[in-house]
Number of protein chains: 2
Amino acid sequence: MAEEKIMGIDLGGTTVKFAILTTEGEIQQKWSIQTNILDEGSHIVPDIIASINHHLNLYDMQPKDFIGIGMGTPGSVDRKKGTVVGAYNLKWKTTQPVKEQIEKETGISFTLDNDANVAALGERWKGAGDNEPDVVFMTLGTGVGGGIIMEGDLLHGAAGCAGEVGHITVDPNGFECTCGKKGCIETIASATGIVQVARKLSEEYAGTSELKQSLDNGEDITSKDVFKLAEEKEDQLALMVVDYVCYYLGLACGNLGNSLNPSSLILGGGVSAAGEFLRSKVANYFEQFTFPQVTESTKIKLAQLGNDAGIIGAASLALKLKD
Amino acid sequence: MAEEKIMGIDLGGTTVKFAILTTEGEIQQKWSIQTNILDEGSHIVPDIIASINHHLNLYDMQPKDFIGIGMGTPGSVDRKKGTVVGAYNLKWKTTQPVKEQIEKETGISFTLDNDANVAALGERWKGAGDNEPDVVFMTLGTGVGGGIIMEGDLLHGAAGCAGEVGHITVDPNGFECTCGKKGCIETIASATGIVQVARKLSEEYAGTSELKQSLDNGEDITSKDVFKLAEEKEDQLALMVVDYVCYYLGLACGNLGNSLNPSSLILGGGVSAAGEFLRSKVANYFEQFTFPQVTESTKIKLAQLGNDAGIIGAASLALKLKD
């Protein structure tokens with residue numbers, strides 16, 4: 001009898017990542033292709049199918065070697081039907097019957113969920129989450145997203161919005177958000193939010209600061225620059241910006257902790273590259289904003305899997321196809 | 001073969017409520033006894049056992065007629081062991097082997113959870129929750145508590161604190177809370193919190209107001225008085241207090257909605273007796289604090305079961321004993 005494998009696919013706007021894993025979550029093969037978004041994204045699914053079949057051939061594997069394929073995708077997912085709609089970075093405007101096409105052309109069972117949820121599953125299973133039943137994942141990138149796993153299950157909510165932690169209101173009178181309301185944590189702790197905070201605090205800042213000088217000179221500043229100036233040069237304005245960001249991240253994490261009490265609250269995404277410098281400051285404010293039993297039992301952690309979180313989490317979806 | 005029944009017990013500091021229900025959640029028998037907290041609460045479990053056996057006798061029922069007994073209790077619950085500790089209103093300071101004693105003396109399987117979780121299960125099953133998989137329940141009483149059901153499962157969290165929504169921080173510089181931190185929703189929206197808000201706003205209020213007059217005269221004011229003055233007499237200070245309370249309740253509910261997207265967010269407890277006057281105001285602020293998909297799919301509702309939520313939810317725990 002063939003050893004049972006799972007496949008994970010992480011579909012993004014620039015690349016599609018693939019991996020073949022054991023049921024224990026060990027990556028055995030990994031590859032990727034470019035995402036071809038021409039012609040309203042109509043090449044994406046055929047390209048995925050061709051790449052799967054090509055690699056099965058290459059590794060001399062059969063469909064029956066697999067429990068299934070799991071995929072993380074942008075856009076709105078209908079998990080039952082296995083369709084995706086409104087993934088604008090893929091140019092998918094109409095409903096895409098992804099599951100039907102992939103199952104038909106590969107002969108392997110297929111399941112999918114949204115990309116942030118799938119990354120959360122990955123970090124929970126093989127990353128910072130220690131495979132505990134209750135894990136919250138927050139990804140700090142261009143925007144702020146996330147996924148929530150409680151009692152071992154990924155949460156979806158009434159309209160699939162559970163885990164959309166980027167729109168937690170932390171400052172009711174704060175910056176306007178693309179969602180239409182004010183003071184979402186995304187307006188403060190995303191890569192663009194951090195620059196926005198820097199500009200705001202710079203206006204009011206009177207001392208000397210390399211960050212302020214750069215902003216005043218009209219230079220392009222990134223969130224990475226802000227963290228670098230704060231950590232390496234102790235730039236006073238940059239430190240104020242980092243403190244501001246961590247205060248509100250601590251408040252958002254604190255309220256997720258107070259209501260859900262996960263064992264881990266994991267920070268991932270590009271901004272989390274700031275590492276322990278970021279984590280420790282968020283954890284300090286988290287302590288201030290949580291009641292004692294939560295402070296003690298919920299830990300703020302950094303993501304460990306980087307780009308692999310998506311393929312690993314996606315593959316873990318396939319494990320459920322076995323039941 | 002005997003029809004299968006379930007029993008629900010709601011253990012409180014003054015009374016213990018009992019009910020026998022069908023597996024469809026229809027209450028067939030209901031009774032209660034006083035809670036005897038003398039001698040460090042050592043009479044409580046024997047009294048419960050005696051009352052169960054007495055009523056089985058009375059209704060001519062056998063242990064085999066029951067799938068099981070579920071109970072909601074104050075204090076910290078160890079669900080696996082079936083024990084309770086630290087239920088101070090029952091004078092239970094040491095660990096109580098409730099499950100072991102009740103199963104031994106009644107011959108019926110037993111399971112338990114904390115009282116707020118059990119009430120949440122009740123409202124979800126037979127009350128305002130319409131038996132949907134994702135329901136958040138918030139009880140506004142002496143304190144603020146709650147329970148969260150997602151994907152059909154009650155959430156517990158790493159240390160059993162999931163659903164303790166009363167300590168969500170809504171005003172980081174607000175009132176001090178008994179938990180040690182500041183600005184918990186409990187300090188604003190509990191019965192005592194509302195009076196606290198009234199005193200604070202009264203100090204700054206210069207106009208005429210029956211509420212201000214009562215407070216200045218040192219009269220005992222309750223949250224019920226505040227809502228009554230606001231709704232029936234349009235007392236300006238009382239209306240300001242109600243608006244203040246509903247703003248922060250809308251913020252707390254908004255953030256639960258933004259991260260969990262339940263189909264229902266149910267307000268229960270004594271304060272919710274203010275009814276639609278309260279609900280509509282909270283719902284208005286909820287709309288302001290949620291992003292569009294959540295605003296549309298998550299509804300703010302009033303609890304429907306009153307005191308029966310506990311016995312119904314407790315009984316529903318017993319249904320899981322069947323699996």
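Chain A has the name Glucokinase in an unreviewed UniProt entry, where Tetragenococcus halophilus subsp. halophilus is given as its organism.

J.: Looking at this structure, I do not really get the overall build of chain A. What am I missing?
T.: Scanning chain A from terminus to terminus reveals 12 helices and 12 strands. Compactness check: chain A gives a C-alpha radius of gyration of 21 Å against a globular reference of 20 Å for 323 residues, within 12% of the reference. The principal-axis extents of the C-alpha atoms in chain A amount to approximately 70 × 45 × 35 Å. Every one of the 323 residues in chain A was classed for burial, and the buried ones make up 57%. Taking all contacts inside chain A whose residues are at least 6 apart in sequence as the whole, residues at least 24 apart take part in 62%. When the accessible surface of chain A is split by element, carbon and sulfur atoms take 45% of a total near 13,600 Å². Positive and negative side-chain charges in chain A, numbering 27 and 43 respectively, have mean positions lying 2 Å apart.

J.: What am I meant to see in the pattern of salt bridges here?
T.: Pairing is possible between side chains of opposite charge, provided their charged atoms come close. All names here are of chain B. Enumeration over the complete set of coordinates arrives at 16 salt bridges over all chains. A salt bridge links aspartate 308 to lysine 30; its shortest N-O distance comes to 2.9 Å. Of this pair, aspartate 308 sits in helix 12 (residues 308-319) while lysine 30 sits in strand 3 (residues 27-34), and the two are 278 residues apart along the sequence. The exposure class of aspartate 308 is partly exposed, given its relative accessible area of 21%. Where glutamate 210 meets lysine 233, a salt bridge forms, and the shortest distance between an N and an O atom there is 3.3 Å. Here glutamate 210 is found in helix 7 (residues 210-216), whereas its partner lysine 233 is found in helix 8 (residues 223-233), with 23 residues between them in sequence. Accessibility expressed as a relative area gives 37% for glutamate 210, which makes it partly exposed. Taking the relative accessible area as the measure of exposure, lysine 233 reaches 54% and is therefore exposed.

J.: In this structure, what is going on with the interface of chain B and chain A? I would like to understand it.
T.: Size of an interface: often given as the accessible area lost when the parts come together. Across the contact, 41 residues belong to chain B and 41 residues belong to chain A. Interface area, chain B with chain A, both sides summed: about 3,100 Å², of which 62% is carbon and sulfur. Of all residues in chain B, B:Glu151, B:Ser259 and B:Phe291 bury the most surface against chain A, accounting for 17% of the area lost on that side. Here chain B and chain A share zero salt bridges between them. Between chain B and chain A we count 12 residue pairs in polar contact (both at pLDDT 80 or more) in total.

J.: Teacher, can you tell me more about the relation of the copies chain B and chain A here?
T.: Each of the two chain copies can be brought onto the other by rotation about an axis and movement along it. In the superposition of chain B on chain A (RMSD 0.0 Å, axial shift 0.0 Å), the rotation amounts to 180°. Viewed as a symmetry operation, the transformation between the two copies matches a two-fold axis. Looking at chain B, 100% of its interface residues are interface residues in chain A too, so the copies touch through the same face.

J.: Is there a simple way to think about helix 4 (residues 115-126) of chain A in this case?
T.: Residues and elements named next belong to chain A. Here helix 4 is 12 residues long and its end C-alpha atoms lie 17 Å apart, about the 16 Å a rise of 1.5 Å per residue gives. Within helix 4, 10 of the 12 residues are buried, which leaves the element mostly enclosed by the surrounding structure. Residues Ala116, Asn117, Val118, Ala119, Ala120, Leu121, Gly122, Glu123, Arg124 and Trp125 constitute the buried set of helix 4. The opening residue of helix 4, the one whose side-chain oxygen lies 3.0 Å from the backbone nitrogen of alanine 116, is asparagine 114.

J.: Sorry, what's going on with the packing of aromatic side chains here?
T.: In this description, an aromatic ring pair is defined by two values, namely the gap between the centres and the angle between the planes. Residue and element names in this part refer to chain A. According to the stated counting rule, one finds 14 aromatic pairs over all chains in the structure shown. Ring geometry for tyrosine 247 versus phenylalanine 289: centroids 5.4 Å apart, planes at 80°, classification edge-to-face. Within this pair, whereas tyrosine 247 is found in helix 9 (residues 236-260), its partner phenylalanine 289 is found in the loop between helix 10 (276-288) and helix 11 (292-297), the two being separated by 42 residues in sequence. Here phenylalanine 289 falls in the buried class, since its relative accessible area comes to 2%.

J.: Looking at this structure, I do not really get the side chain of A:Asp235. What am I missing?
T.: Residues and elements named next belong to chain A. Note that aspartate 235 resides in the loop between helix 8 (223-233) and helix 9. Summary of buried charges: aspartate 235 has no salt-bridge partner, and the nearest side chain of opposite charge, lysine 233, is 8.1 Å away. One polar contact links the side chain of aspartate 235 to the main-chain amide nitrogen of leucine 237, over a distance of 3.2 Å. One polar contact links the side chain of aspartate 235 to the main-chain amide nitrogen of alanine 238, over a distance of 2.9 Å.

J.: Just checking my understanding: could you explain the nonpolar core for this structure?
T.: Ranked by internal contacts, the top residues of the largest apolar core, which has 120 residues, are A:Met138, A:Leu211, A:Val241, B:Met138, B:Leu211 and B:Val241. The contacts of B:Met138, once residues within four sequence positions are left out, are B:Val144, B:Gly145, B:Gly146, B:Val165, B:Leu249, B:Ala252, B:Cys253, B:Leu256, B:Ile266, B:Leu267 and B:Gly268.

J.: Sorry, what's going on with the pairing of strand 11 (residues 264-268) of chain B here?
T.: In the case of a regular strand, side chains alternate between the two sheet surfaces. All names here are of chain B. With respect to burial, strand 11 is a largely interior element, five of its five residues being buried. Of the two faces of strand 11, the one carrying Ser264, Ile266 and Gly268 and the one carrying Leu265 and Leu267 are both buried. As defined by bridge partners, strand 8 (residues 135-140) adjoins strand 11 across five bridges and the pair is classed as parallel. Within strand 11, the residue paired with valine 135 across the bridge is serine 264. Bridging between strand 11 and strand 12 (residues 299-302) involves four bridges; their strand directions are parallel. If you follow serine 264 over to strand 12, its bridge partner there is lysine 299.

J.: What am I meant to see in the sheet that holds strand 8 (residues 135-140) of chain A here?
T.: Hydrogen bonds between backbone groups are what pair the strands of a sheet, and the pairing can be parallel or antiparallel. Residues and elements named next belong to chain A. As summarised here, the arrangement of the five strands in space is 10-9-8-11-12, forming an open sheet in which the pairing is mixed. Strands at the two margins of the open sheet, each flanked by one partner only, are strand 10 (153-154) and strand 12 (299-302). Helix-sheet contacts for helix 9 involve strand 8, strand 9 (144-150), strand 11 (264-268) and strand 12, and the interaxial angle to strand 8 is about 160°.

J.: What exactly am I supposed to notice about unusual backbone geometry here?
T.: Glycine aside, a negative phi is what most residues show, and trans is what most peptide bonds show. Even without being glycine, A:Asp130 reaches a positive phi, approximately 55°. Structurally, A:Asp130 can be placed in the loop between helix 4 and strand 8. Not every positive phi belongs to a glycine, and B:Glu234 is a case in point at roughly 45°. Relative to the assigned elements, B:Glu234 resides in the loop between helix 8 and helix 9 (236-260). For B:Glu234, a relative accessible area of 56% corresponds to the exposed category.

Conventions adopted
Residues numbered from 1 in each chain as written. Chains lettered and ligands numbered in written order. Predicted model: local features only at pLDDT ≥ 70, side-chain atom pairs only at ≥ 80, totals over all residues. Heavy atoms only, no water. Helix = DSSP H or I, 4+ residues; strand = E, 2+ residues; numbered from the N terminus. Rg over C-alpha atoms; globule rule 2.2 N^0.38 Å. Buried < 20%, exposed > 50% of the residue type's maximum accessible area, 1.4 Å probe, protein only. Contact = heavy atoms within 4.5 Å. Areas by Shrake-Rupley, 256 points an atom, 1.4 Å probe, with all protein chains shown as cover. Lys, Arg positive; Asp, Glu negative; His and termini not counted. Charge placed at Lys NZ, Arg CZ, Asp CG, Glu CD. Salt bridge = Lys/Arg side-chain N within 4 Å of Asp/Glu carboxyl O. Buried area = accessible area lost by both parts, 1.4 Å probe. Polar contact = N/O pair within 3.5 Å; in protein donor to acceptor, adjacent residues only side chain to side chain. Least-squares fit on C-alpha atoms with pLDDT ≥ 70 in both. Expected span 1.5 Å × (residues − 1). Phe/Tyr/Trp six-rings, centres within 6.5 Å; stacked < 30°, edge-to-face > 60°. Core = buried A, V, L, I, M, F, W, Y, C linked by side-chain atoms within 4.5 Å. Pairing = 2+ DSSP bridges. Axes fitted to C-alpha atoms, helices over the stretch in contact; angles between N-to-C directions.

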